[in-house]
Amino acid sequence: MRRVAAFTDSYLPTVNGVTYTIKSWRDCWERDGGRMEVVYPRADGYRPEPGEHPVRSLPFPFYEGYHLGAPYIPAGVADVDVDVVHSHTPFGIGVGGLRLARKRDRPFVTSYHTPTSEYADYLVPSDSVARVIERTSEAYERWFFDHSDAVLAPSEATRDHVEELGVDAPVRVVPNGVDVERFRPVDADAFRRKYDVDGDRPLVGYTGRHGFEKRLSELVAAADGMDVTVLFGGDGPARESLETQARAVDADVRFLGFLDREELPAFYSALDVFAFPSPVETQGLVALEANACGTPVVGADAGALSNTVDDGETGYHFESGDVDGFRTAIRRALDERERLREACLARREAVSVERAVEKLTDVYATVE
């Protein structure tokens, strides 16, 4: 089994899909006898385990919860003989991975996790500045990913996006994978009691970052007038405006705040439908986690969710921005809940992290 050095600008204690993917890949890799060193930005609240190497970092001023790390190669990684270098970010710490690969003449694999240019509209005040940032970020991404021996994309839609950027390096689809031992149907009664959720109305929910780019306001608008309870788990910069919007509509909308990882299987299992309006996902890991718990997903027919949600099997799509269409798709999924549940459970193994790491191993083998 190979020794891998992974470089990332998103890791614990930050909570997001990239963090969980890297952690679950590392756990699976090391259970099978390999080693995966992880270089990540130092942040308060997390004590590194053996093989985890924090580097100096500063908070990213435009995106709460993220840190910018230096392109530094820690001694604990520089002094070991790695077989593959894998960068999960094109920025500071990822450049450190590129430096290590060049210094050691090792294969360099990268992962495309975030469509940087598509977030520009949410991070800057004007369209003209956003366009400049989009062009600049796309040019930089082409430069960085063209240094790769292979680029990993978590979905077919993301692979197509990377190729459309003009990246010449080979792009391979390697899904992030779900920990199906953790994410499975469970008894949600204790969860409902804890959060005072009764069973009188169907439950529709979302958990994850409350970012403006996720378009969660469309879920609040779709719930207006529906006989459902909407549960939001998580937090983020859009939460305050979502709470204000929720008070103005005819809907039972509740904000649970950050949910511990151990609570998520019960959260998904409690829901009748998981609603996911974000058009900018590279895979939409929470959608697959919900499916693994037997919960169908209604998602935007945009970005990776076009692939992640199998229309009529694991949920339904709607056109991003079409609130009436979103409402109709939710109602349809509620009506067909039991049939969709069976289809979701039948695909658990296919979306497992073990299956993802098998594909990752194959990519590493091709670049040596």
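Read on for an overview of the structure. (Residues numbered from 1 in each chain as written. Predicted model: local features only at pLDDT ≥ 70, side-chain atom pairs only at ≥ 80, totals over all residues. Heavy atoms only, no water.)

Examining the sheet that holds strand β2 (residues 35-41)
Phase 1: Strand order in the open sheet made by the seven strands is β3-β2-β1-β6-β7-β8-β9, with parallel pairing throughout. The two strands at the open ends of the sheet, each matched to only one other strand, are β3 (52-55) and β9 (171-173). Taking the axes of each pair of neighbouring strands and ignoring which way they run, one obtains an average angle of 25 degrees across the sheet.
Phase 2: In this sheet, strand β8 (residues 150-153) lies alongside strand β7 (residues 108-111) in parallel orientation, the contact comprising three bridges. Within the sheet, the bridge partner assigned to V109 lies in β8 and is A150. (Pairing = 2+ DSSP bridges. Helix = DSSP H or I, 4+ residues; strand = E, 2+ residues; numbered from the N terminus. Axes fitted to C-alpha atoms, helices over the stretch in contact; angles between N-to-C directions.)

Here we look at the pattern of salt bridges
Phase 1: In total, this model carries 30 salt bridges according to the counting rule given.
Phase 2: Among the salt bridges present, the one from E213 reaches R209, with a minimum N-O distance of 4.0 Å.
Phase 3: For D235, the salt bridge goes to R239, with nearest N and O atoms at 3.6 Å.
Phase 4: Salt bridges here are not isolated pairs; linked through shared partners, they connect R3, R26, E30, R35, E37, E49 and E52. (Salt bridge = Lys/Arg side-chain N within 4 Å of Asp/Glu carboxyl O.)

Brief notes about unusual backbone geometry
Phase 1: Residue L12 is joined to P13 through a cis peptide bond whose omega torsion reads 10 degrees.
Phase 2: Mapped onto the secondary structure, P13 falls in the loop between β1 (3-7) and α1 (17-31).
Phase 3: Here D105, not a glycine, exhibits a phi torsion of approximately 55 degrees, which is positive.
Phase 4: Inspection of the secondary structure assignment puts D105 in the loop between α3 (92-104) and β7.

What about the environment of H147?
Phase 1: Inspection of the secondary structure assignment puts H147 in the loop between α5 (127-145) and β8.
Phase 2: According to the relative accessible area criterion, H147 is partly exposed, its value standing at 26%.
Phase 3: Sequence separation between H147 and L219 is 72 residues, and the spatial gap between their C-alpha atoms is 40 Å.
Phase 4: Among residues more than four places away in sequence, those in contact with H147 are L98, R102 and F108.
Phase 5: One polar contact links the side chain of H147 to the main-chain carbonyl oxygen of W143, over a distance of 2.7 Å. (Buried < 20%, exposed > 50% of the residue type's maximum accessible area, 1.4 Å probe, protein only. Contact = heavy atoms within 4.5 Å. Polar contact = N/O pair within 3.5 Å; in protein donor to acceptor, adjacent residues only side chain to side chain.)

Brief notes about the state of the cysteines
Phase 1: Overall, the coordinates contain zero disulfides when judged by the stated rule.
Phase 2: Free cysteine C28: the closest other cysteine sulfur is in C293, separated by 19 Å.
Phase 3: Distance from the sulfur of C293, which forms no disulfide, to the nearest cysteine sulfur (C344) is 10 Å. (Disulfide = S-S within 2.5 Å.)

A closer look at the sheet that holds strand β14 (residues 297-300)
Phase 1: Strand order in the open sheet formed by six strands is β12-β11-β10-β13-β14-β15, with parallel pairing between adjacent strands. Edge strands, defined here as strands with exactly one partner in the open sheet, are β12 (252-257) and β15 (315-318). With strand direction ignored, the average angle separating the axes of adjacent strands in the sheet is 25 degrees.
Phase 2: Bridge count for strand β10 (residues 203-207) against strand β13 (residues 273-276) is two bridges, and the pairing is parallel. Residue pairing for β13: G205 is matched across the bridge by F274.
Phase 3: Across the sheet, helix α11 (residues 285-292) lies against β10, β13 and β14, angled at about 175 degrees from β13, the strand it touches most.

A short note on the nonpolar core
A general feature of soluble globular proteins is that nonpolar side chains tend to end up buried together.
Phase 1: Of all hydrophobic cores here, the largest spans 59 residues; its most connected members are L219, F232, F267, Y268 and F274.
Phase 2: Those residues in contact with F274 that sit more than four places away from it in its chain are G205, Y206, T207, F267, Y268, V286, A287, A290, T295, P296, V297 and V298.
Phase 3: If you look at the next biggest cluster of nonpolar residues, it comprises 25 residues, including V77, A78, L100 and V162. (Core = buried A, V, L, I, M, F, W, Y, C linked by side-chain atoms within 4.5 Å.)

Here we look at α1
The α-helix winds at 3.6 residues per turn, so residues separated by three or four positions along the chain end up facing the same way.
Phase 1: Here α1 is 15 residues long and its end C-alpha atoms lie 21 Å apart, about the 21 Å a rise of 1.5 Å per residue gives.
Phase 2: Those residues of α1 not exposed but buried are V18, T19, Y20, T21, I22, K23, S24, W25, R26, C28 and W29.
Phase 3: Regarding α1, its N-cap is N16, as a side-chain oxygen of that residue lies 3.1 Å from the backbone nitrogen of V18 further along.
Phase 4: Looking one or two residues past α1, G33 carries a phi angle of roughly 100 degrees, positive in sign. (Expected span 1.5 Å × (residues − 1).)

A few points about helix α13 (residues 323-335)
Phase 1: Between its terminal C-alpha atoms α13 stretches 19 Å, which fits the 18 Å expected from 13 residues at 1.5 Å a residue.
Phase 2: Taken together, the buried positions of α13 are G325, F326, R327, A329, I330 and A333.
Phase 3: Buried positions along α13 lie against β10, α8 (217-223), β13, β14, β15 and α14 (337-346).
Phase 4: Capping of α13 at its N-terminal end is provided by D322; its side-chain oxygen lies 3.3 Å from the backbone amide nitrogen of D324.

Remarks on the pairing of strand β11 (residues 229-233)
Phase 1: Where burial is concerned, most of β11 is hidden: five out of the five residues are buried.
Phase 2: Burial of the side chains of β11 extends over both faces: T229, L231 and G233 are buried on one face and V230 and F232 on the other.
Phase 3: Summarising the sheet, β10 and β11 pair through five bridges and their orientation is parallel. The residue of β11 that forms the bridge with G205 is L231.
Phase 4: Note on the crossover from β10 through α8 to β11: the handedness is right-handed.
Phase 5: Pairing of β11 with β12, which is carried by five bridges, proceeds in the parallel orientation. Directly across from F232, in β12, lies its bridge partner F255. (Right-handed = clockwise from strand over helix to strand, strands pointing away.)

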